[in-house]
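Structure at a glance
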Amino acid sequence: HFVSAMGTTGTITGVSRFLREKNPQVRIIGAQPNEGSRIPGIRKWPVEYLPKIYDPKAVDELVLVSQVDAEEVTRRLAREEGIFAGNSAGSAMAGLIQLADRFKKGETVVVIFHDHGTRYLGKMFNPDWMRRMGYENVPGPTARDLVAASGTNLGSIGYHYGSTEALLNAAL
């Protein structure tokens, strides 16, 4: 199984083609915002505006994710797993969590995190902002607090962008 948030749809379409060449039985699941949710980085495209790259046959199932779930899961990824990802990653993971009871023991499930959390330091990773937006319980320190406590300068944090093909081959 492969779960991905759907923004421009390039990742889910390309990964679907690649994985299906290796295993035609793989299930491809796309996460999109539910009605009324605005999740940065992903969209629920009206049919007439779907990107030309998108192939509807590439996606077996869509899972709808709320903005609240996406933001809360994004914060949990940072707090509980040490994964400093952004909202589209939280959306993909929230979609996976919704479907977790469908997977059987021993099955492989891959979820891709498209983005990083640095663009969200003033929003999802800021407890004051979260409270102003109506989130009642915003536990734990912010990512900025964690980085500051480590003595690391935010400007020195780097990212490694690896080959998608190498990552997918490693997962197979």
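Preceding block: the structure.
The notes below deal with the structure included here.

Let us look at the nonpolar core. Side chains of nonpolar character tend, in soluble globular proteins, to be buried together. Among the nonpolar cores identified, the biggest contains 16 residues, and Ile29, Ile39, Val63, Val65, Leu99 and Phe103 are the most heavily contacted of them. Elements supplying a minimum of two residues to this core: β1 (2-5), β2 (28-33), β3 (61-65), α2 (67-81) and α3 (87-99). Top contributing element to this core by residue count: α3, with four residues. Not counting residues up to four positions away in its chain, the partners in contact with isoleucine 39 are Pro33, Val65, Ser66, Gln67, Ala70, Asn87 and Ser91. One finds Ile12, Phe18, Val26 and Val59 within the second-largest nonpolar core, a separate group that totals 10 residues.

What follows concerns the side chain of threonine 9. Looking at the secondary structure, you find threonine 9 in the loop between β1 and α1 (10-22). By relative accessible area, which is 2% here, threonine 9 ends up buried. If we ignore the near neighbours within four places in the chain, the residues touching threonine 9 are Trp45, Pro51, Ile53 and Tyr54.

With that settled, consider α1. An ideal rise of 1.5 Å per residue puts 18 Å on 13 residues; α1 measures up with 19 Å between its terminal C-alpha atoms. Looking at α1, one finds that the buried residues are Ile12, Thr13, Val15, Ser16, Phe18 and Leu19.

With that settled, the discussion passes to the pattern of salt bridges. Where charged atoms of side chains with opposite charge meet at close range, the side chains can pair. In the structure shown here, the tally under the stated rule is six salt bridges. Across the pair aspartate 60 and arginine 20 runs a salt bridge, and its minimum N-O distance is 2.3 Å. Of this pair, aspartate 60 sits in the loop between β2 and β3 while arginine 20 sits in helix α1, and the two are 40 residues apart along the sequence. Of the residues examined, aspartate 60 reaches a relative accessible area of 36% and is grouped as partly exposed. Here the salt bridges do not stand alone but share partners, grouping Arg27, Glu61 and Arg102 into one network.

This part takes up α2. Given a rise of 1.5 Å per residue, 15 residues ought to cover 21 Å, and the 20 Å separating the end C-alpha atoms of α2 matches this to within 8%. Of the positions making up α2, those classed as buried are Ala70, Glu71, Val73, Thr74, Arg75, Leu77 and Ala78. Among the structural elements, β3, α3 and α4 (127-132) are those in contact with the buried residues of α2. Phi turns positive one or two residues past the end of α2, at glycine 82, with a value near 70°.

So, on to the sheet that holds strand β4 (residues 110-111). With parallel pairing, the four strands of this open sheet are ordered in space as β3-β2-β1-β4. Lying at the two open borders of the sheet, with one neighbouring strand each, are β3 and β4. For β2 and β3, the ladder comprises five bridges, and the chain directions are parallel. Paired with glycine 30 across the bridge in β3 is leucine 62. Lying over the sheet, α3 contacts β1, β2, β3 and β4, oriented at roughly 110° with respect to β3.

Here the focus is the environment of glutamate 72. Here glutamate 72 lies in helix α2. As for glutamate 72 and glycine 90, which are separated by 18 residues in sequence, their C-alpha atoms are 7.6 Å apart.

Residue position: isoleucine 12 is located in helix α1. Looking at isoleucine 12, the relative accessible area reads 0%, which means it is buried. Residues isoleucine 12 and glycine 30, 18 residues apart in the sequence, show an inter-C-alpha distance of 7.2 Å. If sequence neighbours within four positions are ignored, isoleucine 12 has contacts with Phe2, Ser4, Met6, Ile28, Ile29, Gly30 and Val59.

Cut-offs and rules
- Residues numbered from 1 in each chain as written.
- Predicted model: local features only at pLDDT ≥ 70, side-chain atom pairs only at ≥ 80, totals over all residues.
- Heavy atoms only, no water.
- Core = buried A, V, L, I, M, F, W, Y, C linked by side-chain atoms within 4.5 Å.
- Buried < 20%, exposed > 50% of the residue type's maximum accessible area, 1.4 Å probe, protein only.
- Helix = DSSP H or I, 4+ residues; strand = E, 2+ residues; numbered from the N terminus.
- Contact = heavy atoms within 4.5 Å.
- Expected span 1.5 Å × (residues − 1).
- Salt bridge = Lys/Arg side-chain N within 4 Å of Asp/Glu carboxyl O.
- Pairing = 2+ DSSP bridges.
- Axes fitted to C-alpha atoms, helices over the stretch in contact; angles between N-to-C directions.

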